[in-house]
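Descriptive structure summary
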Amino acid sequence: MNRDRLKELAADERFIGGIYNYCDRWCERCPQTSRCLNFSISEEDFSDPETRDIRNEAFWKKLSETLGEGLELLKETGKKWGVDLEALDSVSDIENERVSDEAAENHVICRAAKSYIDIVKDWFKKIEETPFGIVTVAGQGVDLEEAFEVIRWYQYSIAAKVMRAIRGKKEEEEESDVEFPSDADGSAKIALIAIDRSIGAWAVIPRYSRLHSEGVLEIISLLNLLRQAVEETFPGARSFIRPGFDSSVPNPAGPGPGS
Ligand code: SF4
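Summarised in this report is the structure supplied together with it. Every value quoted in this text rests on a predicted model; they were computed, and no experiment measured them.

Here we take up the pattern of salt bridges. This structure, assessed with the given rule, holds 16 salt bridges. A salt bridge links Lys 126 to Glu 214, with the shortest nitrogen-to-oxygen separation between them at 2.9 Å. Remark: Glu 214 occurs in the loop between helix 9 (183-208) and helix 10 (216-233) and Lys 126 occurs in helix 6 (residues 108-129); sequence separation between them is 88 residues. With relative accessibility at 46%, the residue Lys 126 sits in the partly exposed group.

So, about unusual backbone geometry. Even without being a glycine, Arg 25 presents a positive backbone phi close to 65 degrees. In this fold, Arg 25 is placed in the loop between helix 1 (3-10) and helix 2 (37-45). Residue classification places Arg 25 among the partly exposed residues on the basis of a relative accessible area of 45%.

The next subject is the site of the ligand. Taken together, Tyr 20, Cys 23, Arg 25, Trp 26, Cys 27, Cys 30, Thr 33, Cys 36, Phe 39 and Phe 245 make up the full set of residues adjacent to the ligand. In terms of residue class, the shell around the ligand is made up of 8 nonpolar, 1 polar and 1 charged.

Moving on, we come to the nonpolar core. Among the nonpolar cores identified, the biggest contains 42 residues, and Trp 123, Ile 158, Val 162, Trp 202, Leu 223 and Val 230 are the most heavily contacted of them. Secondary structure elements with two or more residues in this core: helix 6, helix 7 (142-154), helix 8 (157-174), helix 9 and helix 10. Looking at which element gives the most residues to this core, the answer is helix 9, with 11 residues. With residues up to four places along the chain from it excluded, the contact list for Val 230 reads Ile 109, Val 162, Ala 188, Leu 192 and Ile 195. Judged by nonpolar contacts, the second largest core, of 5 residues, contains Leu 6, Leu 9, Leu 37 and Ile 41.

With that out of the way, let us pick up the packing of helix 9 against helix 10. Where helix 9 meets helix 10, the closest approach of the two axes is 10 Å, and the angle between their N-to-C directions is 160 degrees. When the axis of helix 9 is compared with that of helix 10, the two are roughly antiparallel. The interaxial crossing formed by helix 9 with helix 10 has left-handed handedness. Residue-level inspection shows Ala 188, Leu 192, Ile 195, Asp 196, Ser 198, Ile 199, Trp 202, Ala 203, Ile 205 and Pro 206 of helix 9 in contact with helix 10, the latter providing Val 216, Ile 219, Ile 220, Leu 223, Asn 224, Leu 226, Arg 227, Val 230 and Glu 231.

With that settled, the discussion passes to the environment of Leu 6. In this structure, Leu 6 sits in helix 1. Owing to a relative accessible area of 8%, Leu 6 belongs among the buried residues under this scheme. Along the primary structure Leu 6 and Glu 69 are separated by 63 residues, whereas in three dimensions their C-alpha atoms are 8.1 Å apart.

Turning next to the packing of aromatic side chains. Tallied over the full model, the rule gives 7 aromatic pairs. Each ring, one from Trp 26 and one from Tyr 154, has its centre 5.9 Å from the other, and the planes form 80 degrees; the classification is edge-to-face. Placement of Trp 26 in the loop between helix 1 and helix 2 and of Tyr 154 in helix 7 is noted, with a sequence separation of 128 residues between them. What makes Tyr 154 buried here is its relative accessible area of 2%. Considering the side-chain rings of Phe 124 and Phe 148, the 5.3 Å spacing of their centres and the 80 degrees angle between planes classify their relative orientation as edge-to-face. Placement of Phe 124 in helix 6 and of Phe 148 in helix 7 is noted, with a sequence separation of 24 residues between them. Comparing Phe 124 with Phe 148 shows no difference in burial state: the two are buried. Cluster of aromatic residues (ring-pair linked, three or more members): Trp 123, Phe 124, Phe 148 and Trp 202. Lying over the aromatic face of Phe 234, Lys 169 brings its terminal NZ or CZ to 5.7 Å of the ring centre.

The rules we used
Residues numbered from 1 in each chain as written. Predicted model: local features only at pLDDT ≥ 70, side-chain atom pairs only at ≥ 80, totals over all residues. Heavy atoms only, no water. Salt bridge = Lys/Arg side-chain N within 4 Å of Asp/Glu carboxyl O. Helix = DSSP H or I, 4+ residues; strand = E, 2+ residues; numbered from the N terminus. Buried < 20%, exposed > 50% of the residue type's maximum accessible area, 1.4 Å probe, protein only. Near = heavy atom within 4 Å. Nonpolar A, V, L, I, M, F, W, Y, C, P; charged D, E, K, R; others polar. Core = buried A, V, L, I, M, F, W, Y, C linked by side-chain atoms within 4.5 Å. Contact = heavy atoms within 4.5 Å. Axes fitted to C-alpha atoms, helices over the stretch in contact; angles between N-to-C directions. Parallel < 35°, antiparallel > 145°, perpendicular 65-115°, else oblique. Left-handed = near helix turned anticlockwise from the far one by under 90°. Phe/Tyr/Trp six-rings, centres within 6.5 Å; stacked < 30°, edge-to-face > 60°. Lys NZ or Arg CZ within 6 Å of the ring centre and 35° of its normal.

Here it is in structure tokens:
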């Protein structure tokens, strides 16, 4: 996508600013695709099936072009506001980033969220190895398949969002002119939503299949503890208003299919 088209899309009032910052990235199920700039860019840039395949060179070429144009546009906008983005990437900035990442990664909540990734991986592996394993799901009903899909979808994003929240909180504490609403609370909120939905999905499994139930209660307990820790660390998270999801933002183009 060229810069002019990117500018045109960015100026389109139909889109809700930053909606994609606090969503779960499950675009197939999102009711707000028509109001999301990110979605529109992907649809235009990756409309060709070849460019949708991550194993294909065309995908990486397209991605690199889009990122390049986006960066140039960002630099151009920065200049207008008197900000030299090239100067921001000093050696000390990069080092500070590395230190922040490391501190966040070692935070107890992030370690718990990361351990959940492996626990889920092990659980599915074990199920796949049992006689009849995952194939029995087909005969057990849609709810169980749906539960597996939800668990898989949020398996990695819980840790990613928790990590972003912890990092953001530290940065906000260090900055004196903190802007509200807090981005850290927003990230924590989407992590909590992912945890809530995952707990709901895990809870479905024992109702359907004894074969699949082993270890499920322990996993739910871990998620419950994680949820409690996130809520205590980010007391403002639950009340954070995610634009387009927790608040209705009027659509200048009128009600769309996803409204
Ligand atoms: S807001 Fe919806 S359409 Fe946009 S990136 Fe998030 S999930 Fe996808």
